[in-house]
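Read off the chains here:
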Amino acid sequence: MTVEQNVLQQHSQKHQQTLLNQLREVTGTTDVQLLQQALQVSNGDLAEAVAFLTEKNAKVPQQDEATYYQTAQITNDRYISVGSQADTNVIDLTGDDKDDLQRAIALSLEESSRAFRETGITDEEQAISRVLEASIAENKASLKRTHTEVWSDSPNPHDRKRLENCPVGLKNVGNTCWFSAVIQSLFNLLEFQRLVLHYSPPARMQDLPRNQKEHRNLPFMQELRRLFSLLVGSKRKYVDPSRAVEILKDAFKSSESQQQDVSEFTHKLLDWLEDAFQIKAEEDREGEKPKNPMVELFYGRFLAVGVLEGKKFENTEMFGQYPLQVNGFKDLHECLEAAMIEGEIESLHSAENSAKSGQEHWFTELPPVLTFELSRFEFNQALGRPEKIHNKLEFPSMLYMDRYMDRNRDVTRIKREEIRRLKEHLTVLQQRLERYLSYGSGPKRFPLADVLQYAMEFASSKPVCTSPVEDFDTTAPPGGTTAQAPPAASAGEQPDAAEGSGAGPQAQQRVHKPFTQSRVPPDLPMHPAPRHITDEELRVLEGCLHRWRSEVENDTRDLQASISRIHRTIELMYSDKSMMQVPYRLHAVLVHEGQANAGHYWAYIYDPHHRRWMKYNDISVTKSSWEELVRDSFGGYRNASAYCLMYIDDKKPFLIEEDFDKETGQMLNGLDKLPPDLKDYVEADNKLFEKEMEDWDALQARKLQQEKLALAAAAANVAVQPMNTEPCPTDDTAAPQQDPEYMEQQSPSGDSKHLQEETERAISKAAAEHDEKSPEVLLNTAMMTPNMQGVIMAIGKSRSVYDKGGPEAAFFKAMKVEYTRLLRLAQEDTPPERDYRLQHIIVYFIQNQAPKKILERTLLMQFADRNLGFDERCKNIMKVARAKLELVKPDEVNMEEYEMWHQDYRNFRETTVFLLIGLEMFLKKSYVEALMYLIYAYQYNRVLLAKGPYRGHNEDLIGHYRRECLLRLNEHAAALFETGEENEVNNGLSIMNELVVACIPLLLVDEMEEKDMVAVEDMRNRWCSYLGQEMEPNLQEKLTDFLPKLLDCSSEIKSFPDPPKLPSYSTLELCERYSRVMTLLTQNRTPADGR
């Protein structure tokens, strides 16, 4: 047999095995003979085989509905749902005419054969192309979406800059999270990475490719090399894989879109790489059989030993990804044990010629990279569609494969027989224990030891009376007293106060009102008691009950100990060193979140050099932990679970070993790992990225220079026209520990003389007017800002100092008074509705520890405000403040820092307005309008809080109402969808696409925020619940098109519309409205604990 014939035969075997695996997963049928019969009857057509097995080939739904169900049956797609178009060559199979059915099968076979002859591409490979086309189409369609749906990079390239030694992510270019998860898992296999990076195309690649496979595989291999080189040496945080996906799409042309299982995509991807290396290996061979590194890395062999209709057989088969059923098993070893034994195998070990059929699998050669496909999807025959299995399945970080090896066949069979015997004994013991723990013959059962204890308590109780109703006078009128006094209370019991209206002062008699008093009267015994029992009877009964209870407790303990010992024995059955010689360490876990028809993918990959797990979620690459992997991968928690496990041979370190320089012995990093052509390619891309950053920096420098010029012009205007100086909103402050130097200086002599004259005139005028125009009076006649009110009050309190020492002394006194007041407000613990930061910029500065000079100048600007010029005393103090401002030297106050703090305070007020309007809209149930305000309030508030805990508002509060707003919009949209009316359905889906789906990535950014994660899961589950319901075909199509957008939400943030334009509020109005809305929330708020 030639090499080409051998390769073709291997491909044929793998193709048939793949179809069997798919058919087993879709239909849930485990009978190998039945599966093979279905494939034979259908001539390899998967859809016909499914119809044969589910006995639905006699009746097919109408055309629109059929396309949906056929898609669901055939493909089990986990990442995108795309409705397929109706085929123009439709044969009616709804009747009973068998000729039509035969013609359909013949036509399918003829078309499949013709397509393979013409292109060399199988139907299975065409199905792969459809999913790739769907992804590319989704990516291109995103360019035509509304503004809220467009994926976009951050305009600041520094946000997209790779951190040192941090792995590079892959951009989701349109429902390609599956591609990212698979590629990252393979890339982090360093041996595989080396094979790809150092792959050299065959010499004839420059010529016209000989066949379709070369036309597809070689260009893809080149593009994969470039993608891997960027993952190695790029300066970008993440790179774009569009060109690799485009080549895959271009390799197959199809007019239809169809779902495809991602595990199957991984299988085909390795097939394509195998073909590419095979071409190179055949070119390089020198008279010997070529070795394909992909086969040696990912493929192993097992021996199938079995009996078929009484005849024994042994076959050696090759395998790549090994499929495992999940349903009905608790851990990976149980799955493997079940997969290694098919059918009834008793006849394998007996000499009798039995008609039973079955087989065992024994691994003869394991690949260095051992991949398990976890079949978490089964076909629901009642609904006619696949469903996801969310059951918990545990798997170890270190897997020992010795028990499944052919060389250990005899030992393993002995141990399996021993485990079977122990499990039978265990079942008997558990049944016995259950009789002790659930004793009784009725629906309610109790532990036998407790039953005996209750009987003993009953027997030893003393009767209070001879009848349970004897101590009550049933003839007494309602509200009357009892007929007789109860017996005296025992030690420690206190009689209650009399309740009856007829009770005398001496007789404290109790009245029990059975229909108006729900509690048991305190004079009744806690337990019933036997009325007739002798001391001898009681002594004998107590002795028996004590003895029986001790016997039961001892039996229970013995049974529990025996069960524990058997469990421990089974666990340690394979723990001896001879059965721990084939260790495989967990390398990667590919996780799927969602339902059978749609979902999102990411990967956990182990970093052996830093000994930690990493999470690869599209562009996001973060540190993780085994605990997080267990939570997301084992299943049983939300809708996330592992669908693919990749183990590597722990005795072959070359799989994960780094490259070293042969001359120096130093480990190669970054660009040094790349061959010359790829090094040039990455350096060119890095230069483009560096230029992008330089252009951005230049643009920002120009903007900063313009701001400096504007600031300098404003400062010059202040110096020339001090009367126009007004305080600006500011940010943080630290309390000054001493008076600033420029405030200790004496004012210029001319100004002092002028101020003295002004002071004398002000005092005379104030005396003449009897202080009728004092600052305290003016507070009641004019609406002033809180800042101005505080300044005027401080000036009022410094009146005596003004009278004795003049304006300058009064200025210092007023400054001290006002600062002391603001410091007290900053230190006060206030409720949310009274936030002094909104009233006073100084309070905001003090709480956030702003520099002393910033705080002093801000306070000084408030005393220099021109609005203080309404009486002589205030005007003179204002003039002193302005004189002090003129004494400030340019190097004493950093004006750039001063403006930065004031800008931060303006941002704080702006964030407050976003929050205020959002909460007001929320209370009015205007959730669509409220959402954008709350989204921007949360985002801006996070920026503020990044600088300090008192820079912004309560993040939990904003997050709660942002989350509640999304949940209520989700419920409203679902209600519209349920109406089934075209306009309502479209409105509901529009709300989801433009608002909810666009905002979900914002909730997924911080994965430590459990409440947001639960809310997202609630919203997804709300829509996934429709998958099991009957609905009109047009609704089903809309749902199928919408669900991938909802479920395939990576952490990449989508762009949003510009922030809503904010109204202008005065400080008093802002404080008043903020206080009102926070008061309403305090009264009406449910606990902010998420969903």
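Refer to the structure presented above.
Only a predicted model underlies this, so the values are computations on that prediction, with no experimental measurement involved.

Attention shifts here to the overall build of the protein chain. The secondary structure content of the protein chain amounts to 35 helices and 16 strands. Relative to its 1091 residues, the protein chain shows a buried fraction of 47%. Considering only intrachain contacts with a sequence separation of at least 6, the fraction spanning at least 24 residues in the protein chain is 75%. Here the protein chain displays about 54700 Å² of accessible surface, and carbon together with sulfur accounts for 51% of that area.

Another point: the nonpolar core. If you look at the biggest cluster of nonpolar residues, it comprises 106 residues, and the most contacted ones within it are F863, L919 and W1023. Ranked by the residues each element gives to this core, the list is headed by helix α32 (residues 982-1004), at 12 residues. Residues contacting L919, with those up to four places away along its chain left out, are L934, L957, Y961, V1077, M1078 and L1081. Ranked by size, the runner-up nonpolar core spans 58 residues in total, among them L197, V239, L297 and M318.

Attention shifts here to the packing of aromatic side chains. Applying the stated criterion across every chain, the model contains 31 aromatic pairs. Centroid distance F187 to F228: 5.1 Å. Interplanar angle 85 degrees. Geometry classified as edge-to-face. Within this pair, whereas F187 is found in helix α7 (residues 177-187), its partner F228 is found in helix α9 (residues 212-233), the two being separated by 41 residues in sequence. With 5.2 Å between their ring centres and 45 degrees between their planes, F319 and F363 make a pair best called tilted. In this pair, F319 is assigned in strand β4 (residues 311-319) and F363 in strand β7 (residues 358-365), connecting sequence segments 44 residues apart. The pair F319 / F363 is uniform in exposure class, with both members buried. Among the aromatic residues, those joined into a ring-pair cluster are F395, Y606, W613, W626 and F634. Lying across the ring of W602, K615 places its NZ or CZ 4.9 Å from the centre. The lysine or arginine in question, R857, covers the ring of Y898, its NZ or CZ lying 5.5 Å from the ring centre.

So, on to helix α14 (residues 409-437). Compared with an ideal rise of 1.5 Å per residue, which puts 29 residues at 42 Å, α14 spans 41 Å between its outermost C-alpha atoms and is within 8% of the ideal. Looking at α14, one finds that the buried residues are R409, T412, K415, R416, I419, L422, L426, L429 and L433.

Bringing unusual backbone geometry into the picture now. You will see that Q849, though not glycine, has its phi angle at about 55 degrees, which is positive. Mapped onto the elements, Q849 comes out in the loop between α26 (841-847) and α27 (852-863). Backbone geometry at K925 places phi at a positive 65 degrees, although glycine is not the residue there. Structurally, K925 can be placed in the loop between α29 (895-923) and α30 (927-945).

What follows deals with the packing of α30 against helix α31 (residues 955-979). Here α30 crosses α31 at 150 degrees, and the two axes come no closer than 9 Å. As judged from the angle between their axes, α30 and α31 are roughly antiparallel. The hand of the α30/α31 crossing is left-handed. Two secondary-structure elements touch here, α30 through Y927, V928, A930, L931, L934, I935, A937, Y938, Q939, N941, R942 and L945 and α31 through E955, I958, G959, Y961, R962, C965, L966, R968 and L969.

Rules behind the numbers
Residues numbered from 1 in each chain as written. Predicted model: local features only at pLDDT ≥ 70, side-chain atom pairs only at ≥ 80, totals over all residues. Heavy atoms only, no water. Helix = DSSP H or I, 4+ residues; strand = E, 2+ residues; numbered from the N terminus. Buried < 20%, exposed > 50% of the residue type's maximum accessible area, 1.4 Å probe, protein only. Contact = heavy atoms within 4.5 Å. Areas by Shrake-Rupley, 256 points an atom, 1.4 Å probe, with all protein chains shown as cover. Core = buried A, V, L, I, M, F, W, Y, C linked by side-chain atoms within 4.5 Å. Phe/Tyr/Trp six-rings, centres within 6.5 Å; stacked < 30°, edge-to-face > 60°. Lys NZ or Arg CZ within 6 Å of the ring centre and 35° of its normal. Expected span 1.5 Å × (residues − 1). Axes fitted to C-alpha atoms, helices over the stretch in contact; angles between N-to-C directions. Parallel < 35°, antiparallel > 145°, perpendicular 65-115°, else oblique. Left-handed = near helix turned anticlockwise from the far one by under 90°.

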